[in-house]
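Each chain, letter by letter, is given below.
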Amino acid sequence: MHYINPITIAKQCTCQNQTDIEKFEKLGEILSMYKDEPGSLINSLYVAQTIFGYLPDKVIKFVASRLNEPVIKVFGVATFYSYFSRFPRGKYTIKVCLGTACYVRGGKTLLEKVKKELGISIGETTPDGLYTLEIVRCVGACALAPVVVVNNDTHRRVKSNQIPEILQSYISEVSNEN
Ligand code: FES
């Protein structure tokens, strides 16, 4: 039998336009396909986050019940891996690098500037749902430190006074989409 990767199915889901009931139906359908597979817990959480965008309590409880796992165990995995988010994420995730090279070249100052400009702390999302702020410990571009990554864009040798301009470029991108 041809094996269809459940994660591929989840990625094809046009879930953002669906109701919670439809999302739970989709998640249940996918989990039933491979709940007994090795490593199914992490894969299940990946699928759940793909469908819901994040992992609220109700989704964690649903995954636990479908996999016959204790809620505390599922919660533990969801909070252990930084990939998983327990809260809604912004359209853009800003990652300020605080690895050694970036730190010594002003990464901390960049972080403070981003926090000030957006009015949020690490791990938070702006009320308009546009930005989520995170820190990372090296993205492999040390020669170009300090680095700020916004979704798939890596901004190199960033200076503190460039932060407003960088943030504004994404706001403009959203305005142009509307
Ligand atoms: S320390 Fe920032 S890219 Fe390596």
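Just above sits the structure.
Being a predicted model, the structure only gives us computed values, none of them experimental. (Residues numbered from 1 in each chain as written. Predicted model: local features only at pLDDT ≥ 70, side-chain atom pairs only at ≥ 80, totals over all residues. Heavy atoms only, no water.)

Q: I'd love a proper account of the sheet that holds strand S3 (residues 148–150), names of residues and values included.
A: Spatial ordering of the open sheet is given by S2-S1-S3-S4, a layout of 4 strands whose pairing is mixed. One side of each edge strand has no neighbouring strand; the edge strands of this open sheet are strand S2 (131–136) and strand S4 (153–155). This sheet shows a mean twist of 20 degrees between the axes of neighbouring strands, independent of strand direction. Along the sheet, helix H7 (residues 107–118) makes contact with strand S1 (92–97), S2 and S3, crossing S1 at roughly 150 degrees. Taken strand by strand, helix H8 (residues 163–177) contacts S1, S2, S3 and S4, and its axis lies near 165 degrees from that of S1. (Pairing = 2+ DSSP bridges. Helix = DSSP H or I, 4+ residues; strand = E, 2+ residues; numbered from the N terminus. Axes fitted to C-alpha atoms, helices over the stretch in contact; angles between N-to-C directions. Contact = heavy atoms within 4.5 Å.)

Q: Any details on unusual backbone geometry? Residues and values, ideally.
A: Peptide bonds are, in most cases, trans, and in most cases residues other than glycine have a negative phi. At the junction of Ala 145 and Pro 146, the peptide bond is cis and its omega measures out at 0 degrees in the coordinates. Considering the arrangement of structural elements, one finds Pro 146 in the loop between S2 and S3. Backbone geometry places Asn 68, a non-glycine residue, at a positive phi of 55 degrees. What makes Asn 68 exposed here is its relative accessible area of 67%. Non-glycine residue Cys 138 carries a positive phi angle of around 90 degrees. Positionally, Cys 138 belongs in the loop between S2 and S3. (Buried < 20%, exposed > 50% of the residue type's maximum accessible area, 1.4 Å probe, protein only.)

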